[in-house]
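Examining the three-dimensional arrangement
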Amino acid sequence: MINTTFKYTVLGLCFIFLNLTSQVNAWWWISPPAPELPAYKDKYADHFLVGSHMDFSEFYDARAKEWYTTHSSIVTANPFYWSAIQNPNGSYNWSFADDLMTWVATQEVEVRGHPLLFGSVDPDWVFQENGNPISREALIERMRNHIQTIMTRYKGEIQYWDVVNEPTGDPFFSLGMEASAITDVYKKVPWYNIIGEEYVELALRFAHEADPDAKLFVNENNLIGPISLTKKQNFISIIKNLLEKGAPIHGVGIQGHFSADYPPVGVGLVCDTIKTFTNMGLEVHITELDMSIYSISQWVVPELIPSRNQFGLLSESRQRARYTNLFRELRSCSDHIGAVLTWGILDENSWLRFEPKERNDWPLLFHKNYEPKQVFRDIMNF
Ligand code: GLA
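So, a few notes on the structure that sits alongside this text. Bear in mind that the values here come from a model prediction, so they are computed numbers and not experimental data.

Let's talk about the site of the ligand
- Taken together, 11 residues lie around the ligand, and Tyr 81, His 114, Glu 166, Gln 255 and Glu 288 are the ones closest in.
- In the model, an oxygen atom of the ligand is placed 2.7 Å from a nitrogen or oxygen of the Glu 288 side chain.
- The contact in question runs from an oxygen atom of the ligand to an N or O atom on the side chain of Trp 343, over 3.1 Å.
- Here the ligand loses 92% of its free accessible area of 310 Å² to cover by the protein chains.
- In terms of residue class, the shell around the ligand is built from 5 nonpolar, 4 polar and 2 charged.

Laid out in structure tokens, this is it:
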């Protein structure tokens, strides 16, 4: 008969151990000696393009450039946001975008321009004229000028464009915007409020005029899993509407901002969502992949989610399992996928350290010294 004291002592020690290990940085515990890795793009050459967006805090770091050379696709991001590339007086800031495109031109890599229109974050001045709300006609002309000026400058150098980012209503995840009503097919961004739903079609048509060879995408988040069914249906209706009108849309970007517990991966839901759009004759890229260590509930009640101060053993093992299962699933339907792109390289530079609130997170594949995390080795091990 094990006496009660001994039993509770053992239980207490287990509880302490689990709590300690969930905070202890497990990386050095379970990362075997690092065997040399093949180039990311070579390993996935038979499946899909792989890469990341070029974070401006990494771009000028030689170690980042070294890692980017292993990519087969690169996303422009920071220098192309409207707030970064065009001024209220209408002039453009080309220096960083040109720096990025000059370096990219030295690489054998497909380039994804992101974004042209992103209604949730496009600056307020875009929607004003002489201090008053801009007219529909003037806004359409401003849209055309912005899209065609940028695309003409990099014509032939950027193969894919996220022409419109996140046009669909979202009752939960509305970066920079108040949440949409569950019935809102379109997110009530100023583009929609002033021009109407035609803004998406107009943007695509202006883009196609500027560079007929570029592949034009609409990029959206929160499309996978049971919580997202309404949003997915609304996005499908937007895409079908564009196809019925003969709009020049070539693909959709399915954003992969995943959480520790959502969406389900490795069970076919991701591939099913991808096939929904390839069955419509569209190319599909998994864009902006990252995997927070926090629950999906972080987007609904962030104030209830305590910040972690370590990438603990339990967080890491759960993240490794989800990334491994996700990439296994993606490889199983890779003939339906054009690219799989993370949103950044280093945990330390992830946007998830600031959204939905400022706190630690370790959502990506590399540590701050550009050392691959064990999870990167996991997704390279097949
Ligand atoms: C969104 C957008 C990106 C960027 C990231 C967060 O989904 O598509 O442009 O804002 O998330 O950095």
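Some details on a nonpolar patch on the surface
- Together, Phe 172, Ile 227 and Val 300 give the surface a local cluster of nonpolar side chains, amounting to about 280 Å² of exposed area.
- With respect to the secondary-structure elements, Val 300 resides in the loop between strand S9 (283-291) and helix H13 (313-332).

Quick notes on the packing of helix H8 (residues 136-153) against helix H10 (residues 198-210)
- At their nearest, the axes of H8 and H10 sit 9 Å apart, and the two run at 35° to each other. In the crossing of H8 with H10, the sense of the turn from one axis to the other is right-handed. Of H10, the residues touching H8 (which contributes Arg 136, Ile 140, Met 143, Arg 144, Ile 147, Gln 148, Met 151 and Thr 152) are Glu 198, Tyr 199, Leu 202, Ala 203, Phe 206, Ala 207, Glu 209 and Ala 210.
- For the contact of H8 with H10, the class distribution of residues is 10 nonpolar, 2 polar and 4 charged.

Structural notes on the nonpolar core
- Formed by 92 residues in total, the largest nonpolar core has its most connected members in Tyr 40, Trp 161 and Trp 191.
- Looking at this core element by element, the count peaks at 7 residues for H10.
- The contacts of Trp 161, once residues within four sequence positions are left out, are Phe 80, Gly 113, His 114, Leu 116, Ile 150, Met 151, Ala 214, Lys 215, Leu 216 and Phe 217.
- Formed by 10 residues, the second largest nonpolar core is a distinct cluster that contains Val 75, Ala 339, Leu 341 and Leu 352.

Remarks on the state of the cysteines
- In this structure the tally under the stated criterion is 1 disulfide.
- Across a sulfur-sulfur distance of 2.1 Å, Cys 271 and Cys 333 are joined as a disulfide pair. Disulfide Cys 271-Cys 333: torsion about the S-S bond near -85°, hence left-handed. Of this pair, Cys 271 sits in helix H12 (residues 269-278) while Cys 333 sits in the loop between H13 and strand S10 (339-342), placing them 62 residues apart in sequence. Take Cys 271 and Cys 333: they sit in the same class, and that class is buried.

Side note on unusual backbone geometry
- Geometrically, the link from His 114 to Pro 115 is a cis peptide bond, its omega value of -20° lying close to zero.
- In this structure, Pro 115 sits in the loop between strand S3 (110-113) and strand S4 (128-129).
- For Glu 166, which is not glycine, the phi dihedral falls at a positive 55°.
- The residue Glu 166 is located in the loop between strand S6 (160-165) and helix H9 (190-195) in this model.

Details of H8
- In a regular helix each residue adds 1.5 Å, so 18 residues correspond to 26 Å; H8 covers 26 Å between its end C-alpha atoms and thus fits that length.
- Turning to H8, its buried residues are Leu 139, Ile 140, Met 143, His 146, Ile 147, Gln 148, Ile 150 and Met 151.
- Looking at the packing, one finds that the buried side of H8 touches helix H6 (82-85), S6, H9, H10 and strand S7 (215-220).

Notes on the side chain of Ser 292
- One can find Ser 292 in the loop between S9 and H13.
- A distance of 3.0 Å separates the side chain of Ser 292 from the backbone nitrogen of Tyr 294, its partner in a polar contact.
- For Ser 292, the residues in contact, after removing those within four places along its chain, are Phe 258, Ser 259, Ala 260, Gln 298, Leu 352, Arg 359, Asp 361 and Pro 363.

Scoring rules and cut-offs
Residues numbered from 1 in each chain as written. Predicted model: local features only at pLDDT ≥ 70, side-chain atom pairs only at ≥ 80, totals over all residues. Heavy atoms only, no water. Near = heavy atom within 4 Å. Polar contact = N/O pair within 3.5 Å; in protein donor to acceptor, adjacent residues only side chain to side chain. Areas by Shrake-Rupley, 256 points an atom, 1.4 Å probe, with all protein chains shown as cover. Nonpolar A, V, L, I, M, F, W, Y, C, P; charged D, E, K, R; others polar. Patch = residues over 30% accessible without salt bridge, like charges linked within 9 Å, V, L, I, M, F, W, Y side chains within 5 Å. Salt bridge = Lys/Arg side-chain N within 4 Å of Asp/Glu carboxyl O. Helix = DSSP H or I, 4+ residues; strand = E, 2+ residues; numbered from the N terminus. Axes fitted to C-alpha atoms, helices over the stretch in contact; angles between N-to-C directions. Left-handed = near helix turned anticlockwise from the far one by under 90°. Contact = heavy atoms within 4.5 Å. Core = buried A, V, L, I, M, F, W, Y, C linked by side-chain atoms within 4.5 Å. Buried < 20%, exposed > 50% of the residue type's maximum accessible area, 1.4 Å probe, protein only. Disulfide = S-S within 2.5 Å. Expected span 1.5 Å × (residues − 1).

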